[in-house]
Amino acid sequence: SSKTPIAICTWGFVDANAKAGEELSKGTKALDAAISGVEVEEENIKNTTVGKGGAPDREGNVTLDACVMDSNGDCGSVLCVENITNVAELAKRVMTETPHVIIAAKGAEEFAYRQGFKKDNLLTENSKKAWEKWLESPEYKPLINIENHDTIGMLCMDNDGDIAGACTTSGLSYKMKGRVGDSPIIGSGLFIDNTIGGAVATGMGEEVLKTVGSFLIVELMRNGMSPQKACEEAVNRITSKNNRYKDFQIAYIAINKAGETGSYCIHKGFTYMKYQDGKNEQIHSDFFNKA
Ligand code: SD4
């Protein structure tokens, strides 16, 4: 089996993945390492798809989705939360401090304040300007690989070989009020089974939800597929249905208990980060649409 610890995350989030890698190397457990990694992007106001600075919905409100899943199979999730930056940590608090798995919207925000989170204005001047520009001719057509697809999903394997993960996003830019994607839905945006492995998704959440993508990948690995093959099969479930995949991107990354990783996406342009042995490298994912 390969050398632990290992951290992988969606897209080119070098600093976030390095942070998780450092934490793991210090002996931090997988879940806390993953949360500390994704927090780098939640707090990065230049990232317009995660946390503070995330693009708002059509009405100008930034609403965040996040979930976490731990090595023991416990999980927590928050949907459509306003005014709180660190929603992955908030999802963890749902897991550890309540008898529930999912808390949505105002309830999640009020829970956050009771947990000592501070109120933050998530709409930056830049995202406000971009939204006002969008309002001039509001058309909602999600594009491939542009900045409205930069959810951070992270999977960590710690020094004990335990696997956990986190996923956090502002969702699709200029989404309908109340819209929730795959990212905070356990099994779709993220799934972990510490005896098998883990997977996370990014891209057009509706299509990931319809195929319960991350759970599917873990189950395929349970049945013997490598992380790579399992990601390919999960993308094939989507692309084999009809031709609509031409208009959207989906990408998956996965890790198994042996520390092997893989990724696959619909369209060229997706990369993921991998930290192992003190090295943090960016890996170009293979893709389905070679046309
Ligand atoms: C969503 N999957 O809300 C998210 C968006 C995303 O990279 O992944 N962006 O549908």
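With respect to helix α4 (residues 105–114)
Piece 1. Where α4 is concerned, the buried positions are Ala-108, Glu-109, Phe-111 and Ala-112. Seen along its axis, α4 keeps its buried residues to an arc of 160°; they face one direction.
Piece 2. Buried positions along α4 lie against β3 (75–81), α3 (87–97) and β4 (102–104).
Piece 3. Just past α4, the residue Gly-116 takes up positive phi, approximately 90°.

Points about the pairing of strand β12 (residues 279–284)
When a strand is regular, its side chains alternate between the sheet's two faces.
Piece 1. Bridge analysis of strand β11 (residues 271–276) against β12 gives 6 bridges, and the strand direction is antiparallel. Bridge assignment links Met-273 to a residue of β12, and that residue is Gln-282.
Piece 2. In textbook terms, the turn of a hairpin is the stretch between consecutive antiparallel strands, and for β11 and β12 this stretch comprises 2 residues, one of which, Asp-277, has a positive phi near 50°.

Digging into the packing of helix α1 (residues 14–25) against helix α2 (residues 30–42)
Each pair of packed helices can be summarised by the angle the axes make with each other and by the distance between the axes.
Piece 1. Here α1 crosses α2 at 155°, and the two axes come no closer than 7 Å. Considering the angle they form, α1 stands roughly antiparallel to α2. For the pair α1 and α2, the crossing hand works out as right-handed. The residues of α2 that touch α1, namely those facing Asp-15, Ala-16, Lys-19, Ala-20, Glu-23 and Leu-24, are Ala-30, Ala-33, Ser-36, Gly-37, Val-40 and Glu-41.
Piece 2. Residues of the contact of α1 with α2, tallied by class, amount to 6 nonpolar, 2 polar and 4 charged.

Here's the deal with the sheet that holds strand β8 (residues 197–203)
Piece 1. On the basis of which strands lie adjacent, the open sheet formed by 4 strands has the order β7-β8-β9-β10 and antiparallel pairing. Only two strands of the sheet have a single neighbouring strand rather than two, namely β7 (190–193) and β10 (261–265). Adjacent strand axes in the sheet meet at a mean angle of 10°, parallel and antiparallel pairs treated alike.
Piece 2. Seen against the sheet, helix α7 (residues 213–222) touches β7, β8 and β9 (250–256) and runs at an angle of roughly 145° to β8.
Piece 3. Together, β9 and β10 form the strand contacts of helix α8 (residues 227–239), whose direction differs from that of β10 by roughly 20°.

Brief notes about the pattern of salt bridges
Piece 1. One pass over the structure, following the stated rule, counts 18 salt bridges.
Piece 2. Of the charged contacts in the structure, one is a salt bridge between Lys-92 and Asp-32, with a shortest N-O distance of 2.8 Å. With Lys-92 in helix α3 and Asp-32 in helix α2, this residue pair connects regions lying 60 residues apart in the sequence.
Piece 3. The exposure class of Lys-92 is buried, given its relative accessible area of 18%.
Piece 4. One salt-bridge network, held together by shared partners, links Lys-29, Asp-158, Asp-160 and Asp-162.

Describing the packing of aromatic side chains
Piece 1. The final tally for this structure, using the stated rule, is 4 aromatic pairs.
Piece 2. With 4.9 Å between their ring centres and 85° between their planes, Trp-11 and Phe-270 make a pair best called edge-to-face. Here Trp-11 is found in the loop between β1 (6–10) and α1, whereas its partner Phe-270 is found in the loop between β10 and β11, with 259 residues between them in sequence.
Piece 3. According to the relative accessible area criterion, Trp-11 is buried, its value standing at 7%.
Piece 4. Residue Phe-270 is classed as buried on the basis of its relative accessible area of 1%.
Piece 5. In this arrangement the basic side chain of Lys-290 is found over the ring face of Phe-287, its NZ or CZ atom lying 5.0 Å from the centre.

A word on the sheet that holds strand β5 (residues 152–157)
Piece 1. A sheet is described by the order of its strands in space; here 8 strands give the open sequence β4-β3-β2-β6-β5-β1-β11-β12, paired in mixed fashion. Edge positions in the sheet fall to β4 and β12, since each has one partner strand and no second. With direction set aside, neighbouring strand axes in the sheet form an average angle of 10°.
Piece 2. Two elements, β1 and β5, share 4 bridges in a ladder whose sense is antiparallel. When the sheet's bridge partners are listed, Ala-7 is paired in β5 with Cys-156.
Piece 3. Contacts between α2 and the sheet are confined to β2 (64–69), β5 and β6 (163–169), with β6 contributing the most and set at about 20° to the helix.
Piece 4. Packed onto the sheet, α3 meets β2, β3, β4 and β6 and runs at close to 130° relative to β3.

Concerning unusual backbone geometry
Most peptide bonds take the trans configuration, and most residues that are not glycine carry a negative phi.
Piece 1. Pro-5 follows Thr-4 through a cis peptide bond whose omega is 0°.
Piece 2. Despite not being glycine, Asp-277 shows a phi value in the positive range, around 50°.
Piece 3. Position of Asp-277 among the secondary structure elements: in the loop between β11 and β12.
Piece 4. Here Asp-277 falls in the exposed class, since its relative accessible area comes to 52%.

Some remarks on the confidence of the model for the protein
Piece 1. Per-chain confidence: the protein averages 95 in pLDDT, with 97% of residues scoring 70 or above.
Piece 2. Interface confidence for the predicted complex, given as ipTM, is 0.98, next to a pTM of 0.97.

Rules used in this analysis
- Residues numbered from 1 in each chain as written.
- Predicted model: local features only at pLDDT ≥ 70, side-chain atom pairs only at ≥ 80, totals over all residues.
- Heavy atoms only, no water.
- Buried < 20%, exposed > 50% of the residue type's maximum accessible area, 1.4 Å probe, protein only.
- Helix = DSSP H or I, 4+ residues; strand = E, 2+ residues; numbered from the N terminus.
- Arc of directions from axis to C-beta.
- Contact = heavy atoms within 4.5 Å.
- Pairing = 2+ DSSP bridges.
- Axes fitted to C-alpha atoms, helices over the stretch in contact; angles between N-to-C directions.
- Parallel < 35°, antiparallel > 145°, perpendicular 65-115°, else oblique.
- Left-handed = near helix turned anticlockwise from the far one by under 90°.
- Nonpolar A, V, L, I, M, F, W, Y, C, P; charged D, E, K, R; others polar.
- Salt bridge = Lys/Arg side-chain N within 4 Å of Asp/Glu carboxyl O.
- Phe/Tyr/Trp six-rings, centres within 6.5 Å; stacked < 30°, edge-to-face > 60°.
- Lys NZ or Arg CZ within 6 Å of the ring centre and 35° of its normal.
- pLDDT = per-residue confidence, 0-100.

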